[in-house]
Every structure is written in C-alpha cells, then in structure tokens.
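Architecture and fold: a report
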Amino acid sequence: MSASTLQAIHNVRLATMQGDGYGLIEQGLIVFNASGIQYAGEHLSHAEGGPDLSQVELLDGGGGLVTPGLIDCHTHLVWAGSRANEFAQRLHGASYADIAAQGGGIAATVAATRAASLEQIIALSQPRLEALMREGVTTIEIKSGYGLSYEHERKQLLAARALADNNPVSVVTTLLAAHALPPEYQQQPDAYIDLIVEQILPQIAAEGLADAVDAFCEKVGFTTVQTERVFAAAKALNLPVKLHAEQLSNQAGSQLAARYQALSCDHLEYLDEAGVAAMAASNTVAVLLPGAYYFLREQQLPPLALLREYQVPIALATDANPGTSPIFSLLLMLQMGATLFRLTPEECLRGVTVAAAQALGLHDRGQLKAGMRADLCWWDCADPATLSYQFGLQQLRGCWHQGQRR
C-alpha cells in the first residue's frame, strides 16, 4: 500500500479525546493516510457532507473502538543489567542500605550500562519496546540517566534513536544526566553539575540527541539550586525541561520547574497546593506513575483533588526502569491509575493520549481529528472504560503508526 493511499475504518465508535472526556462519536468513520487524518466524525454519506469513499480502502471495524495511538511519556527504557537479585534480597529482609553497600541500586545499573556496548543496549531494549508496542504504544519517551558521563549518556541516547529507526514507533529522547551521582563524583555533587552544564549538555545538544532535559530533584538526588543550574543551561540551548519532582518528599521542585515553563513534573506524591498552582499557571502537565507507586509500596497519594481543582492536565506513564518500575505495560497503568489513584476511566485514557502528548510538547497527536497524525488503535471493545477495567486479554485488533498498519 502506498503512503498516499486513503484508508478508512467504519462501523466503530471513535474516542476522539476532544473536549473534557472521551469525545465519543457513536457511529464513527475515520479516513487517513500517511499524511494524517483526513476525516474523523460521524459516518455520513457523501451527499450528507461526509467524505467521498469511492477511492478509499474501507475496513469494517466490527463495532469496536478506535482511539488515538497510545503515548508512554515517561520511560527509562534503555539500560543494561538486571536488579532481580536485589528485588529478591529485599523480600528476604535486606535493606536498601545493605544493597547499596554491596554496590547495588542505581550504581549497579550504571556499571552494567557503562560496560555494555551500544549494540548490546539496543538488543536488550528491543523486547521492552516490543511489549509496549503490542499494546498500542505509537509514541514513547526514552530517558538516559544510567550513563552519568558524556560517553555513556550519549550511548543511551543513540540506542533510543536506533530503536526509533528500527521500529514503527516515534521516540522522544530526554537527557537525564542529573539522575544520580556517578561513582567518580561521590560527595561532589556541585562538581558533577559543573560537568553536566559545561560539557555533557552542550555536547549532547550540539549533536541533536536530546529533545528535552530532565533532572531528579530530591533529597537523594539534586537540590533545587543544582537543578536550576541544569534548567538554565537547557534553556540557553533552547531545550525544554521536565522534572522528577516531589516523589519522596516536597522539595518545591515543581515550583522551580514551573518557573522554567516545564513540559511536565512527574511522580508528585508529595506535591502541595503551591506546587499545583504554579504548574497550573505554567500549563505544566502532571505525569503520574502508578507503577513506581505500586512497586515501592508508597502510601502517599498524589493530590488528585487539587490537580482537578486547578485543572492541571494529568498524564499516566509506565516509568519503565530496572529499579522502581520494571513494568512494560501501559494498559496496566490505566488500571493502576483507576484502582490505586482513583482516576476516572476518562482521565486514564486521556492520560495516555492527549495529556501525554502535551507532556512531551507534541501537538500533532493524541486526538482524532482532521490534520492530526494518523496514529490509531483499533480495539476489540465498544466501551472505552474497558481499557481501564480489564487487563490481560488481547484487546488490540489493529494499530497504525503514521498511517501505516503495523
């Protein structure tokens, strides 16, 4: 099929994600090709104002559901090594301090990632990406953060770019050099920030390998002063920022991020009203990560009532990573978002479509309407709430990335 061939799906419900809810169209029709969506609306005849279908390849949707392609807007997908042994140790009673003293934790992932070749990291990351793609992910964000040096942060970002080149999926890359202290900079956080802002960030930006810049602002990460240095350097290079904020304590990182018009603040279990208000004023998206909340057995819930009151957009993501969310199912995040965070099914689906697109600064996807990219999922269900309600059945009947069926 040529890229210009018009395709159409009829006999479906369309969850357009326009407005505040699903934006449902009951008797829907969507017409598209590689150039994008040409029509998404009621199935009207051409005489009634609908599109001309005489030269269109028509697919009967069987009464199912079509949504935008899913967007996983926060992952750490490229790394080497495994932390399964640490998981077992903790369940046998070992403390995080015990494991860290043995060289475990993030240090173990950094060591394994540094030791792996680019080709090895790509090969290790491919099945993780395939698992997400099988559930309808058409756009994914991938962070670095396990290299913690120019050479190895670059290697992670190159691996992310290679995954995009080798798979029918769009990849947004994020430089997360300010994730943790590398072993050679222990007890020298300011010196490591110097390295990031003076060498790593400018060199990565010059090569065009990062679409955004992130940092971990936390007691066990970096202070707001250190984080602001990274943000200022990113802004000078015209790179948007985002932040791991308020995950373990309230460091007011979200307020700092809002001052830099951050695309998103992520985690947010300890976010307060001042942070919510700042995010609302800067149109910063709240990215909630129920997988990490679940895996770490967190008890503090993100402030959903405040986020709703201030009308802060809410996205959901897997946070796929080796230490705190070794989970490769975005559909599971819908169910966890509903059951653990008490999000509505509408909020859950918006969280992996239109809100997730906004969290990545992307305005050409996440909704079904003329002019948007033809990233589509066709589901074997009629009620969109089903995607949050049940988990484990193969519900995806078809997926299109930029108008091409995968």
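Computed from a prediction, not measured in an experiment: that's the story for all the values here. (Residues numbered from 1 in each chain as written. Predicted model: local features only at pLDDT ≥ 70, side-chain atom pairs only at ≥ 80, totals over all residues. Heavy atoms only, no water.)

Here's the deal with the layout of surface pockets
- Within this model, the largest pocket holds a volume of roughly 1,100 Å³.
- In this structure, the largest pocket is lined by 36 residues; those nearest its centre are R83, G105, I106, F216 and V220.
- Going through the elements one at a time, helix 1 (84-91), helix 2 (96-101) and helix 3 (106-115) are the ones with two or more residues in the lining of the largest pocket.
- When residues of the lining of the largest pocket are assigned to their parent elements, the largest contribution, four residues, is made by helix 2.
- Split by residue class, the lining of the largest pocket holds 18 nonpolar, 12 polar and six charged.
- What the second largest pocket holds in volume is close to 420 Å³.
- The wall of the second largest pocket is formed by 14 residues, among which Q311, V312, P313, I314 and R350 lie closest to the centre. (1 Å grid on protein atoms, 1.4 Å probe; cavity = no way out; pocket = protein on both sides within 12 Å on 5 of 7 lines; lining within 4 Å. Points joined across faces, edges and corners; volume = space filled by probe spheres on them. Helix = DSSP H or I, 4+ residues; strand = E, 2+ residues; numbered from the N terminus. Nonpolar A, V, L, I, M, F, W, Y, C, P; charged D, E, K, R; others polar.)

Quick look at the nonpolar core
- Counting residues in hydrophobic clusters, the biggest one holds 91 residues, and the most contacted among them are L70, I140, I196 and W379.
- By residue number, the principal contributor to this core is helix 6 (residues 189-206), which donates eight residues.
- Built from parts of two domains, this core gets at least three residues from each of domain 1 (5-67 + 366-403) and domain 2 (69-357).
- Apart from residues lying up to four places away in sequence, I140 is in contact with D72, T75, L77, L129, L132, V169, S170, V171 and V172.
- Grouped together as the second largest cluster of nonpolar side chains are 15 residues, L368, M372, L376 and W400 included. (Core = buried A, V, L, I, M, F, W, Y, C linked by side-chain atoms within 4.5 Å. Buried < 20%, exposed > 50% of the residue type's maximum accessible area, 1.4 Å probe, protein only. Domains from an automatic or database assignment. Contact = heavy atoms within 4.5 Å.)

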